[in-house]
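So the chains spell out like this:
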Amino acid sequence: MISSVAGSRVLCGALGVAGLLAAAELAGRAGLVDPAVLPLASTILARTVELATDGEFLADVAATMQAWALGLLLTVAVTVPAGLALGSLPRVEAAVRPLIEFLRPIPSVALIPLAILLFPDRLDMKIAVIFYASCWPVLINTMYGLLEVDPVAKETLRSFGFGPLAVLWRVSLPSTAPFIATGVRLAAGVALILAISAELIGGGSSGIGTYVVEAGSSFDGLEYILAATVWAGMLGIVTNSLFIGAERRLFRWHTARAEGAR
Amino acid sequence: MRVIARLWLVPVVVLLWELVTRLSDSGFFPPPSVIAVTMREMWLTGPASQLWLTDLVLENFPPSLARLFAGWALAGVAGIALGIMIGRSRALSRFVDPLIHFGRAIPPPMLLPFFIAVLSLGAQTQLATIVFGVIWPVLLNTIDGARAVDRQHIETARVFRLSRSQRLWRVILPSALPKIFAGLRLSLSLALILMVISELVASTSGIGYQLLRAQRDFDLPAVWGTIVLLGVLGYLLNSVFLAAERRVLSWHRAAKQTT
Amino acid sequence: MLEISNLSHTYGSGPSAHTALGGIDLSVAEGELVCIVGPSGCGKSTLLRSVAGLITPTGGRILLKGVPVNQTPDDLAVVFQDYSRSLFPWMSVADNVSLPLRRRGQDKRQRRESAMDALEQVGLADAAAKYPWQLSGGMQQRVSIARALAYRPSLLLMDEPFGSVDAQTREDLEDLTLRVRGHHNMTILLITHDIDESVYVGDRVVVLSKSPGGIAGDLRVGLPGPRDQITTREHPEFVRLRAEVGRLVRGMRSHPAAAS
């Protein structure tokens, strides 16, 4: 019964996608939509498939993903320890919080023009702005997760004579991990947006953003812009579902507990 | 005293920043005092008849803010309307779920080149980018909220034979409102981001364009100053929205505390 | 007034199907207060939800004033057990009570008056401007009752209306129910799992048997009125009926002497 429901969900979803594509195709063929404004759905799909074997485009994707991955890695390496430190030291946290509240609302893309001046190397520039934008979800979630740690578990360990570091390592970190993971997943989405924004504004030699800017200046560029957009969307979906899948596998105990509490 | 106890680190950091930048004398990192003076010169040295605002302010701020709010409002209205429809119809949500997930996954700046190609540079391109980019948080949150309306509330509405519009305005919408507000708040900060990037890429006016000009002129105090301004703007938008949310949803917070 | 014939309802289909009601016949006269009592899982709620038109039963039929029920009837109101989920937290008490009256074609002033009148009857006139969550559980359930009263239904359904309040409040609400039914010529169907309550409040007690729910007994309550929490509960007839209903609920055969 459950499988049939799931099956019909997939079917309905596929029908929805097919329906939209067919409607767009028909509207274009019937002359309702100017193909110069919105190319035919079939054309976009063909271009999308074509891009999958386009070495140049794949190199651009790789360049964007490289910046994305390095930026995210840097974020996690710096922000998780920072968040843990702030979360465990309430006095430091209280002092730093106003700074965070002032820095966080700065729209991250506004830093791109500055970063272009500060970092002559485009990859460094991208990593820097990705770091700035994606550190907030990780930091906030880490600090929040530490607050949620069960005090009984901490006291249990302490009563057995463990020191504060051992408590952090054995209780706080594991129970904060699901929150950190959520923060990293959110950060991954932000990082992709920033990577592409940086490429759109900063130019540079490679990247999905650079690709679409260049495509925009060519005659049939619109089709390629949209095909690249489809790829960017799929990239977003795939990375997001990888993160969600990993979270489910790693933190099964967490979701089980959350659902049990409901 | 309380304020000092809470905020003491801010002046310390600014002072430290001032000292370090003055000592290092790097052109890329102007001291905060220089940034502050630049900001004043850029924006607050106009004639008294303009409330001391400069022409630069009058030329750039209104169009930026107009696009920001127009895009946010359009996306908000569309997101709430669609979200309620999808959230209250299981069948519809099955058909459009993958489309929504795909739409949300597209990094919004990706569409700038497309809108530029179709609509050319200008307000329309920026508006389209903002609307497309910020509709997703509202849409997804509204769907969530509309889906999660308490069954008992719906049944009460049915038993007392409330009309369709009463059910919508009096039951479903208020019940989904906490989620809708969460979505609108995310959208507002995203709208600011998209306003800036659309002006950096596709505009000849606005705060973002001013930032780009400053960068091209290598006027670093102006670049820093504009970033500070945008930070203040983001802070203000968020605070005002939170205050409004607190007023509108007072019943929600209180009801949650008592149950 | 209310005619239920051969009502049955089955949830789901195939091997996982669950029959909640297996052929119920019940008729309720105008102005009667009938308590439906039974063990949990006997289909009490299914019966009520069918009468309210919230679900479509899989078999049998329900006539209200001779008209088949296939959606929620116009002059029917429900008081649900879970007041906190039935009152709207975003509306004041007065708005909660007056909201359904828009359908009654009343203008704003009339609605306000009807709502205040109903709140007066349940003793909550002072709380009109408050929000439901500012009130205690018992007071919230009174608002719920006021909402039903203001609506002036000819049939009032009450689904375990006092199941979520403390014992003292429960007695107050039972008496409130008895009092307000005197003012309005309402027919009331009250569902409960509390045997004492069913005998104390009802003109008739209908006992449902465990799944699939059928009628195990139908007893007329011949207690002298007006009822009182102390003296009525001491009355020999009350004690006899309570024992009788208790036996029926536990699935024992009716006591021969008690069978009427």
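Please read all numbers here as calculations on a predicted model, not as lab measurements. (Residues numbered from 1 in each chain as written. Chains lettered and ligands numbered in written order. Predicted model: local features only at pLDDT ≥ 70, side-chain atom pairs only at ≥ 80, totals over all residues. Heavy atoms only, no water.)

1. Here's the deal with the environment of Met186(C)
Residues and elements named next belong to chain C.
Link 1 in the chain: By the secondary structure assignment, Met186 is in the loop between α6 (167–183) and β8 (187–192).
Link 2 in the chain: In this structure Met186 comes out as buried when scored by relative accessible area, which is 3%.
Link 3 in the chain: It is 37 Å that separates the C-alpha atoms of Met186 and Ser13, two residues lying 173 residues apart in sequence.
Link 4 in the chain: Leaving out residues up to four positions away in the same chain, Met186 has contacts with Gly31, Glu32, Leu149, Pro153, Ser154 and Leu156. (Helix = DSSP H or I, 4+ residues; strand = E, 2+ residues; numbered from the N terminus. Buried < 20%, exposed > 50% of the residue type's maximum accessible area, 1.4 Å probe, protein only. Contact = heavy atoms within 4.5 Å.)

2. Some thoughts on the interface of chain C and chain B
Link 1 in the chain: Contacts between chain C and chain B engage 28 residues on the former and 21 residues on the latter.
Link 2 in the chain: The junction of chain C with chain B conceals about 2500 Å² of combined surface from both sides, 60% of it contributed by carbon and sulfur atoms.
Link 3 in the chain: On the chain C side of the contact with chain B, Arg85(C), Trp90(C) and Trp133(C) bury the most area, a combined 29% of that side's loss.
Link 4 in the chain: The tally of links between chain C and chain B comes to three salt bridges.
Link 5 in the chain: Here Asp150(B) ties to Arg85(C) by a salt bridge, and the two come within 2.7 Å at their closest N and O atoms.
Link 6 in the chain: The tally of links from chain C across to chain B stands at eleven residue pairs in polar contact (both at pLDDT 80 or more).
Link 7 in the chain: Contributions of two or more residues to the side of chain C that touches chain B are made by β6 (76–79), α2 (83–86) and α5 (137–150) of chain C. (Buried area = accessible area lost by both parts, 1.4 Å probe. Salt bridge = Lys/Arg side-chain N within 4 Å of Asp/Glu carboxyl O. Polar contact = N/O pair within 3.5 Å; in protein donor to acceptor, adjacent residues only side chain to side chain.)

3. Details of the interface of chain A and chain B
Link 1 in the chain: Facing 50 residues of chain A, the contacting portion of chain B comprises 44 residues.
Link 2 in the chain: Here chain A packs against chain B, burying approximately 4100 Å² in sum over the two surfaces, 83% of which is carbon and sulfur.
Link 3 in the chain: When the area that chain A buries against chain B is broken down by residue, the three leading residues are Pro107(A), Leu114(A) and Leu117(A), summing to 14%.
Link 4 in the chain: Remark: the boundary between chain A and chain B carries zero salt bridges.
Link 5 in the chain: On the surface where chain A and chain B come into contact, there are one residue pair in polar contact (both at pLDDT 80 or more).
Link 6 in the chain: Counting residues per element, the ones that place at least two in the side of chain A that touches chain B are α1 (2–29), α4 (90–103), α5 (111–118), α8 (164–202), α9 (208–216) and α10 (221–250) of chain A.
Link 7 in the chain: When residues of the side of chain A that touches chain B are assigned to their parent elements, the largest contribution, twelve residues, is made by α10(A).
Link 8 in the chain: A per-class count over the side of chain A that touches chain B returns 39 nonpolar, nine polar and two charged. (Nonpolar A, V, L, I, M, F, W, Y, C, P; charged D, E, K, R; others polar.)

4. What about the domain arrangement of chain C?
Residues and elements named next belong to chain C.
Link 1 in the chain: What the domain assignment reports for chain C is domain 1 (2–75 + 153–249) and domain 2 (87–152).
Link 2 in the chain: Together, the buried faces of domain 1 and domain 2 total about 1200 Å²; carbon and sulfur atoms form 65% of this surface.
Link 3 in the chain: When the buried surface of domain 1 facing domain 2 is broken down by residue, Pro153, Leu176 and His184 rank first, second and third, together holding 39% of it.
Link 4 in the chain: The tally of links from domain 1 across to domain 2 stands at two residue pairs in polar contact (both at pLDDT 80 or more).
Link 5 in the chain: Contributing elements (two or more residues each) for the side of domain 1 that touches domain 2: β7 (155–159) and α6.
Link 6 in the chain: A per-element tally of the side of domain 1 that touches domain 2 places α6 first, with seven residues.
Link 7 in the chain: Residues that form the side of domain 1 that touches domain 2 fall into these classes: ten nonpolar, four polar and four charged. (Domains from an automatic or database assignment.)

5. Examining the packing of aromatic side chains
Link 1 in the chain: Under the criterion given, the structure shown has 16 aromatic pairs over all chains.
Link 2 in the chain: When the ring of Phe132(B) is compared with that of Trp136(B), the centres are 5.5 Å apart and the planes differ by 80 degrees; the resulting orientation is edge-to-face. Taken as a pair, Phe132(B) and Trp136(B) lie in helix α7 (residues 123–147) at a separation of four residues, close to a single helical turn.
Link 3 in the chain: Judged by relative accessible area, which is 13%, Trp136(B) ranks as buried.
Link 4 in the chain: Among the aromatic residues, those joined into a ring-pair cluster are Trp17(B), Phe29(B) and Trp224(B).
Link 5 in the chain: Over the aromatic face of Tyr200(C) sits the side chain of Arg233(C), whose NZ or CZ is 4.7 Å from the ring centroid. (Phe/Tyr/Trp six-rings, centres within 6.5 Å; stacked < 30°, edge-to-face > 60°. Lys NZ or Arg CZ within 6 Å of the ring centre and 35° of its normal.)

6. Quick look at the packing of α5(C) against α6(C)
All names here are of chain C.
Link 1 in the chain: Two elements in contact, α5 and α6, have axes separated by 10 Å at closest approach and are oriented at 15 degrees. Between α5 and α6, the interaxial angle falls into the category roughly parallel. Relative to α6, the crossing made by α5 is right-handed. Residue-level contacts link Gly138, Gln141, Arg142, Ile145 and Leu149 of α5 to Thr169, Asp172, Leu173, Leu176 and Val180 of α6.
Link 2 in the chain: When its residues are assigned to classes, the contact of α5 with α6 shows five nonpolar, three polar and two charged. (Axes fitted to C-alpha atoms, helices over the stretch in contact; angles between N-to-C directions. Parallel < 35°, antiparallel > 145°, perpendicular 65-115°, else oblique. Left-handed = near helix turned anticlockwise from the far one by under 90°.)

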